[in-house]
Structures are given as structure tokens and as C-alpha cells.
Amino acid sequence: MSTQQSMTDQTTAALDAVVGAGLKLGRSMLDAMRSSTPVSDVVAAAGKVDTSGLRLPQVSLGTQPCGCAIPDACFLPEKLPTVTAHGCPGATMTLRLVVTNEWPASRFVAVRVTGPDAGSVTVTPVQQQIGPYETATFTATVHLPDDASESLSALLWVRGCRDHVVRWEVSSSDGGCSCVHEVAVLDEPDTVHHWYDHFYKEPCCRPQPRQGRVPVVHG
């Protein structure tokens, strides 16, 4: 028998005992009142009821996770699993982003690349209109050097209804080969009001100054 089942059985038995004791006490008090017993005696008898056997089982929070983890806010990017690829020198590595528009209206979705090696990554197409509940594929490629062992790292951002980001780690090794990875991206709004929404607040980052201007503080 599992620990969870055992605790459920113990809880049920304890609640049955509590209800039974309550019914017995209620009947005893009614009988006492019908027999013109003084109220003070009835109250005193109620205070002497043995409740030692009516305790509910203790639950250890350390062994019984409550499942109350608060996920990232919907206005933050969805972090997709990192894709790691190994290719031989001179190989072409490919990452396909299969984006599905889960909304009953067309939406423009764009993909951009950031990171130290963003210039080595080519994305086709960079933007596409996706119809309601339709899917489009964005293909990112990188060509490894012919004569060196080199590692590349880039972030691919999918911008549609919300932002999604995947880290692409590519390394060159003699044991690698040209390969293709595929990542499914479900682009949809969060239309449910969750219990944890109330814990979020708007990001408190300071606004960036305009290009070529420095904020002036007047004292």
C-alpha cells in the first residue's frame, strides 16, 4: 500500500471517529436536558470527553510536495529546452523551429538571433504570417569551420503572441556529423486567470535612454 493511500485511510477513519463522537455527545446532551439535569453538569460532562483518539494524521510537508510552484509570468519569454548539437568540421548544422499559431486569427511571427555567435547563424524566413491554427517552419543553419574545433552559442527568439527563446549550442568534433534538430513552438495566449497571477508585478527595469543621449539630473 502506498504512503498516500495509507494517509487517506487514516484520515477517513479519524473523521469517522470525530463524527461518531459528535453524534454521541449531542445525544447525551439532549438526553440530559430532557431529564432536567442542570446545565452546569451538561457542560462539565462535555469537557470531559476523551478526544485523544480523534487526532488526524500528521502530514510532513518535506515528504509531501504541495505542487504550489509559481511559474514564470505570461509576459516573460517562454524558455524552451536547450538544443545541443555536435558536428564534424565543415558540416552544416540545422535547427528547425516548427511554430503553431493556436489562435483563431492570423498572426505575424518573427525569428531573430542574439548572442556572441549570432552572425554565424542564418534564419529562413525571418518573418511569416501564420493562419489560424496553422503551422510554419523557420530554419536556422550554421556552417562549422573546415579546419578547427570550435563551439558556437546563440539564442533564437520566436516572437508571436508571446516571446519564446531557445539556446542553440553547436560544437565541432571529429565524431560528429551534419544533423538536423527540430523544436516545436506552441504560440498561444494565456486566457486563464490563475491563482498565482496576483503574485506578479510589472518588470521594474529602468527605461533605456535614447541613442546618443544621457539623462541629466537637475539638482
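As shown above, the structure is provided for reference.
Residues numbered from 1 in each chain as written. Predicted model: local features only at pLDDT ≥ 70, side-chain atom pairs only at ≥ 80, totals over all residues. Heavy atoms only, no water.

1. Points about the overall build of the chain
Line of reasoning, step 1. On a plain count of helices and strands, the chain comes out with two helices and 10 strands.
Line of reasoning, step 2. Sequence separation of at least 24 residues holds for 74% of the intrachain contacts in the chain that already meet a minimum separation of 6.
Line of reasoning, step 3. With an accessible surface of roughly 15200 Å², the chain has 55% of that area assigned to carbon and sulfur atoms. (Helix = DSSP H or I, 4+ residues; strand = E, 2+ residues; numbered from the N terminus. Contact = heavy atoms within 4.5 Å. Areas by Shrake-Rupley, 256 points an atom, 1.4 Å probe, with all protein chains shown as cover.)

2. What about the nonpolar core?
In a soluble, globular protein the nonpolar side chains are often hidden away together inside.
Line of reasoning, step 1. Counting residues in hydrophobic clusters, the biggest one holds 30 residues, and the most contacted among them are Met93, Leu95, Leu97, Phe138, Leu156, Trp168 and Val170.
Line of reasoning, step 2. Elements with a contribution of two residues or more to this core: β2 (83–87), β3 (92–101), β4 (107–114), β5 (121–124), β7 (135–143), β8 (151–159), β9 (163–172) and β10 (180–187).
Line of reasoning, step 3. Discounting residues that sit within four places of it in the chain, methionine 93 has contacts with Ala85, His86, Gly87, Ala140, Thr141, Val142, Leu144, Trp168, Val170, Cys177, Ser178 and Cys179. (Core = buried A, V, L, I, M, F, W, Y, C linked by side-chain atoms within 4.5 Å. Buried < 20%, exposed > 50% of the residue type's maximum accessible area, 1.4 Å probe, protein only.)

3. Examining a nonpolar patch on the surface
Line of reasoning, step 1. On the surface, Ile70, Trp195 and Phe199 cluster together to form a nonpolar patch covering roughly 350 Å² of accessible area.
Line of reasoning, step 2. Assignment of secondary structure puts isoleucine 70 in the loop between α2 (39–47) and β1 (78–79).
Line of reasoning, step 3. We classify isoleucine 70 as partly exposed; its relative accessible area is 42%. (Patch = residues over 30% accessible without salt bridge, like charges linked within 9 Å, V, L, I, M, F, W, Y side chains within 5 Å. Salt bridge = Lys/Arg side-chain N within 4 Å of Asp/Glu carboxyl O.)

4. A word on the sheet that holds β3
Line of reasoning, step 1. Spatially, β5-β7-β3-β10 is the arrangement adopted by the four strands of the open sheet, whose pairing is mixed. Strand pairing shows two members of the sheet lacking a second neighbour, β5 and β10, which therefore form its edges. Within the sheet, the average angular offset between the axes of one strand and its neighbour, ignoring direction, is 20°. (Pairing = 2+ DSSP bridges. Axes fitted to C-alpha atoms, helices over the stretch in contact; angles between N-to-C directions.)

5. Considering the side chain of aspartate 187
Line of reasoning, step 1. Tracing the chain through its elements places aspartate 187 in strand β10.
Line of reasoning, step 2. Those residues in contact with aspartate 187, other than ones at most four positions away along the chain, are Val99, Thr100, Asn101, Glu102, Arg107, Val109, Gly160, Cys161, Arg162 and His164.

6. Describing the pairing of β2
Line of reasoning, step 1. Of the two faces of β2, the one lined by Val83, Ala85 and Gly87 is fully buried and the one lined by Thr84 and His86 carries no buried residue.
Line of reasoning, step 2. Strand direction decides the pairing type here: β2 and β9, joined by five bridges, are parallel. Across the sheet, the residue bridging to alanine 85 is valine 170, located in β9.

7. Re the pairing of β3
Line of reasoning, step 1. Taken across its 10 residues, β3 has eight buried, putting it largely inside the fold.
Line of reasoning, step 2. Examined bridge by bridge, β3 and β7 share nine bridges and lie antiparallel to one another. Considered in β7, the bridge of leucine 97 is made with phenylalanine 138.
Line of reasoning, step 3. Summarising the sheet, β3 and β10 pair through eight bridges and their orientation is parallel. Bridge pairing links threonine 94 to valine 180 in β10.

8. Overview of unusual backbone geometry
Line of reasoning, step 1. A cis geometry characterises the amide bond from threonine 124 onward to proline 125, with omega recorded as -15°.
Line of reasoning, step 2. Within the secondary structure, proline 125 sits in the loop between β5 and β6 (127–130).
Line of reasoning, step 3. Look at tyrosine 133: it is not a glycine, yet its phi comes out positive at around 60°.
Line of reasoning, step 4. Its location among the elements puts tyrosine 133 in the loop between β6 and β7.

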